[in-house]
Number of protein chains: 2
Amino acid sequence: MSKPVLYSYFRSSCSWRVRIALLMKKIDFEYSAVHLVKDGGQQRSEEYSTTNPMQQVPTLVINGQPISQSIAILEYLDEVYPDPPLLPKDSLQRAKVREITETICSGIQPLQNLVVLQKIGEEKKNEWGHFWINKGFVALEKILNKTAGKYCLGDQVTMADLCLVPQVGNALRFNIDMSMFPLISKINEELSKLEAFKKAHPFAQPDCPEDLR
Amino acid sequence: MSKPVLYSYFRSSCSWRVRIALLMKKIDFEYSAVHLVKDGGQQRSEEYSTTNPMQQVPTLVINGQPISQSIAILEYLDEVYPDPPLLPKDSLQRAKVREITETICSGIQPLQNLVVLQKIGEEKKNEWGHFWINKGFVALEKILNKTAGKYCLGDQVTMADLCLVPQVGNALRFNIDMSMFPLISKINEELSKLEAFKKAHPFAQPDCPEDLR
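The structure displayed is predicted, hence computed values, not measured ones.

Some words on the nonpolar core
Among the nonpolar cores identified, the biggest contains 134 residues, and Phe137 and Leu164 of chain A together with Phe137 and Leu164 of chain B are the most heavily contacted of them. With residues near it in sequence (within four places) discarded, Phe137 of chain A still touches Ile108, Gln167, Val168, Ala171, Met178, Phe181 and Ile184 of chain A.

Structure below.
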């Protein structure tokens, strides 16, 4: 069997989620860079669009099969490579992890991704990004106040944590005042100490420009 | 044990997904209407916001525990009430169902929901909604061309179908030209014949105004 291939862009927060999972589960993979800005966006090429009609990263090609959409990939990896698990055993606890995950991946990230900011336009994109990330983080801070331990749900690293850190990464790019979100900040800090999270960081990727490292 | 309570708004496509699941699985539930427009939006009340800090519908309160975010609810229901299943058995097939689900629930719906349209403003909201639904449906039609049978994935009703029908419902409200999407239209038509899908339709809900029925 050939190695899994991850189509990724160093800055993409959705790719970042999957990189953490692959590293946590020690799955050896090949990194294939898709530059979302260069050449008018390499994700729009005919070849890539055939594999990923939404023209987004990430795509994971595994056992010759492409899977796109980051949470679909995380759920697949957790079923096929269960160690370490990204979800707790208890169904209600799993629901809470998925609730936090979806709050980020449907409630916040889609509103501040590259293609939406391009549509909003250069002049208004900063206010727009600020608005949705702040709104989402106000809610997320309240949700986490009921669920968090060291991480988003108690002291086990879960799928929710794999979404939280990249979303904080986006917030920092928007210069969001993170002092308003002490719990999110604390969890992000704890997670950032872990080896898989360090290696999955945008600045540690092969397609990250030298001057950002 | 008290009956599960679904906090829902008749028009909300995310509530609609969960209504279909509850009906398919024959789970007896109480319907609690949250009007997203009246009183400045009842989802913004202090009481509801405590349960659902994102101030969104649906929320399902089950065994006294609130779960929010529609896909988190669907996954929970499928684990605890497995009959009929909303996911296939094979992991790769499950990934494909979740890929289609996420294409809708992260890639399309969040960009055209009520709160985003309110931010975009009365003048531009129609063009905005059209743009994102059309863009998403162009991709979805291609994805489904590789996976569909009678329904989104082969001939089994899955989580993806529970998201497709409400998204087509939204498209119709935006007067999207559905003749551009023959496969989505055909699957939607097949699904709309099923009893659970009929009963879950917005116009069949207790909070639907008389003149829309």
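Description of the pairing of strand S3 (residues 59-62) of chain B
Residue and element names in this part refer to chain B. Sheet analysis places strand S1 (residues 5-8) next to S3, joined by three bridges and oriented antiparallel. Its bridge partner lying in S3, Leu6 is registered against Leu60. Examined bridge by bridge, S3 and strand S4 (residues 65-68) share four bridges and lie antiparallel to one another. Counted as the bridge partner of Ile62 is Gln65 from S4. What sits between the antiparallel neighbours S3 and S4 is a turn of two residues, in which Asn63 has the positive phi angle 50°.

Some details on the packing of aromatic side chains
Applying the stated rule across the entire model yields 11 aromatic pairs over all chains. Ring plane angle 70° and centroid distance 5.0 Å describe the contact between Tyr9 of chain A and Phe10 of chain A, whose orientation is recorded as edge-to-face. For the pair Tyr9 of chain A and Phe10 of chain A, one class covers both residues: buried. On the basis of an interplanar angle of 90° and a centroid distance of 4.8 Å, the ring pair of Phe131 of chain A and Trp132 of chain A is categorised as edge-to-face. Owing to a relative accessible area of 33%, Phe131 of chain A belongs among the partly exposed residues under this scheme. On the basis of relative accessibility, which here comes to 3%, the residue Trp132 of chain A falls in the buried class. Linked through ring pairs, Trp128, Phe131 and Trp132 of chain A together with Trp128, Phe131 and Trp132 of chain B together constitute an aromatic cluster.

Remarks on the side chain of Asn52 of chain A
Residues and elements named next belong to chain A. Looking at the secondary structure, you find Asn52 in the loop between helix H2 (46-51) and strand S3 (59-62). Polar contacts involving the side chain of Asn52 include one to the main-chain carbonyl oxygen of Gln56, which spans 2.8 Å. Residues within four places of Asn52 in sequence aside, it is in contact with Pro58, Thr59 and Ser68.

Details of the sheet that holds S1 of chain B
Residue and element names in this part refer to chain B. Spatial ordering of the open sheet is given by S2-S1-S3-S4, a layout of four strands whose pairing is mixed. In the strand order of this sheet, the two ends are held by strand S2 (30-33) and S4, each with one partner. With direction set aside, neighbouring strand axes in the sheet form an average angle of 20°. Pairing geometry for S1 and S2, over four bridges, is parallel. When the sheet's bridge partners are listed, Leu6 is paired in S2 with Tyr31. Lying over the sheet, helix H1 (residues 13-24) contacts S1, S2 and S3, oriented at roughly 150° with respect to S1.

Notes on the interface of chain A and chain B
Across the contact, 44 residues belong to chain A and 44 residues belong to chain B. Looking at the side of chain A facing chain B, the largest losses of area belong to Met54, Glu102 and Lys119 of chain A, adding up to 16% of the total buried there. Our count for the contact surface shared by chain A and chain B stands at eight salt bridges. The interface formed by chain A and chain B includes 25 residue pairs in polar contact (both at pLDDT 80 or more). Those elements giving two or more residues to the side of chain A that touches chain B turn out to be strand S4 (65-68), helix H3 (70-80), helix H4 (91-105), helix H5 (114-120) and helix H6 (125-147) of chain A. When its residues are assigned to classes, the side of chain A that touches chain B shows 21 nonpolar, 10 polar and 13 charged.

Focus on the UniProt feature "domain: GST C-terminal" (unreviewed entry) in chain A
Taking the UniProt record as the reference, the feature "domain: GST C-terminal" (unreviewed entry) is found at residues 90-210 of chain A. As annotated, residues 90-210 of chain A comprises 64% helix and 0% strand, and the C-alpha atoms at either end are separated by 44 Å.

Some points on the pattern of salt bridges
What the rule picks out here adds up to 22 salt bridges over all chains. Taking the shortest distance from any N to any O, the salt bridge between Lys119 of chain B and Glu127 of chain A comes out at 2.9 Å. Residue Lys119 of chain B is located in helix H5 (residues 114-120), and its partner Glu127 of chain A is located in helix H6; the two belong to separate chains. Overall, Lys119 of chain B belongs to the partly exposed group, its relative accessible area being 28%. A residue is classified by how much of its surface remains accessible, and Glu127 of chain A, at 48% relative accessible area, is partly exposed. Salt bridges sharing common partners tie together Glu75, Glu79, Arg94 and Arg98 of chain A together with Glu75, Glu79, Arg94 and Arg98 of chain B.

Digging into the packing of H6 of chain A against helix H8 (residues 182-192) of chain A
Residues and elements named next belong to chain A. Look at H6 against H8: their axes get within 8 Å of each other, and the N-to-C directions meet at 75°. Classified by the angle their axes make, H6 and H8 are roughly perpendicular. On the side of H6, the interface is formed by Phe137, Leu140, Glu141, Leu144 and Asn145, while H8 contributes Pro182, Leu183, Ile184 and Ile187. Class assignment of the residues belonging to the contact of H6 with H8 gives a composition of seven nonpolar, one polar and one charged.

Let's talk about the relation of the copies chain A and chain B
Superposing chain A onto chain B takes a rotation of 180° plus a shift of 0.0 Å along the axis, which leaves an RMSD of 0.0 Å. The superposition operator between the copies reduces to a two-fold rotation axis. Considering only C-alpha atoms, the residue of chain A closest to the rotation axis is Ser106 of chain A, which sits at 2.2 Å.

Details of the UniProt feature "domain: GST N-terminal" (unreviewed entry) in chain A
What UniProt calls "domain: GST N-terminal" (unreviewed entry) maps, in this numbering, to residues 2-85 of chain A. Each end of residues 2-85 of chain A is marked by a C-alpha atom, and these two atoms are 24 Å apart; helix forms 35% of the span and strand 19%.

Criteria and thresholds
Each residue is numbered by its place in its chain's sequence as written, counting from 1. The naming scheme follows written order: chains are lettered A onward, ligands numbered 1 onward. Two thresholds apply to this predicted model, a pLDDT of at least 70 for residue-level local features and 80 or more for giving and counting side-chain atom pairs, whereas whole-chain, interface and lining totals are computed over all residues. The side-chain values count all of the structure's non-hydrogen atoms but skip hydrogen atoms and water molecules. Each nonpolar core is a collection of buried residues, namely Ala, Val, Leu, Ile, Met, Phe, Trp, Tyr and Cys, held together in the definition by side-chain atoms within 4.5 Å. A simple rule labels every residue: compare its accessible area, found with a 1.4 Å probe on the protein chains alone, to the largest value its type can have, and call it buried under 20%, exposed over 50%, or partly exposed in between. Every residue pair with non-hydrogen atoms within 4.5 Å of one another is taken to be in contact. One bridge is not enough; two strands pair if DSSP finds at least two bridges between them. Where helices and strands are cited, they refer to DSSP runs of H or I of at least four residues and of E of at least two residues respectively, numbered from the N terminus. Any pair of Phe, Tyr and Trp rings, taking the six-membered ring for Trp, is counted once the centres come within 6.5 Å. Such a pair is stacked with planes under 30 degrees apart, edge-to-face with planes over 60 apart, and tilted for the rest. For this analysis, a polar contact is any N or O atom pair within 3.5 Å, provided that within protein one partner can donate a hydrogen and the other can accept it, and provided that sequence-adjacent residues contribute only side-chain to side-chain pairs. Between the N-to-C directions of two axes lies an angle of 0 to 180 degrees, each axis being a line fitted to C-alpha atoms and, for a helix, fitted only over the stretch in contact. By definition, the buried area sums, over both parts, the 1.4 Å-probe accessible area that each loses when the two are put together. The rule for a salt bridge is simple: a side-chain nitrogen of Lys or Arg has to be within 4 Å of a carboxyl oxygen of Asp or Glu. The residue classification treats Ala, Val, Leu, Ile, Met, Phe, Trp, Tyr, Cys and Pro as nonpolar and Asp, Glu, Lys and Arg as charged. All others, Gly included, are polar. UniProt positions are given in the numbering used here, feature names are shortened, and annotations may be inferred rather than shown by experiment. Angular relationships are summarised with four words: roughly parallel below 35 degrees, roughly antiparallel beyond 145, roughly perpendicular across 65 to 115, and oblique for the angles in between. Superposing the copies works by least squares over the C-alpha atoms of residues that have pLDDT at least 70 in both of them.

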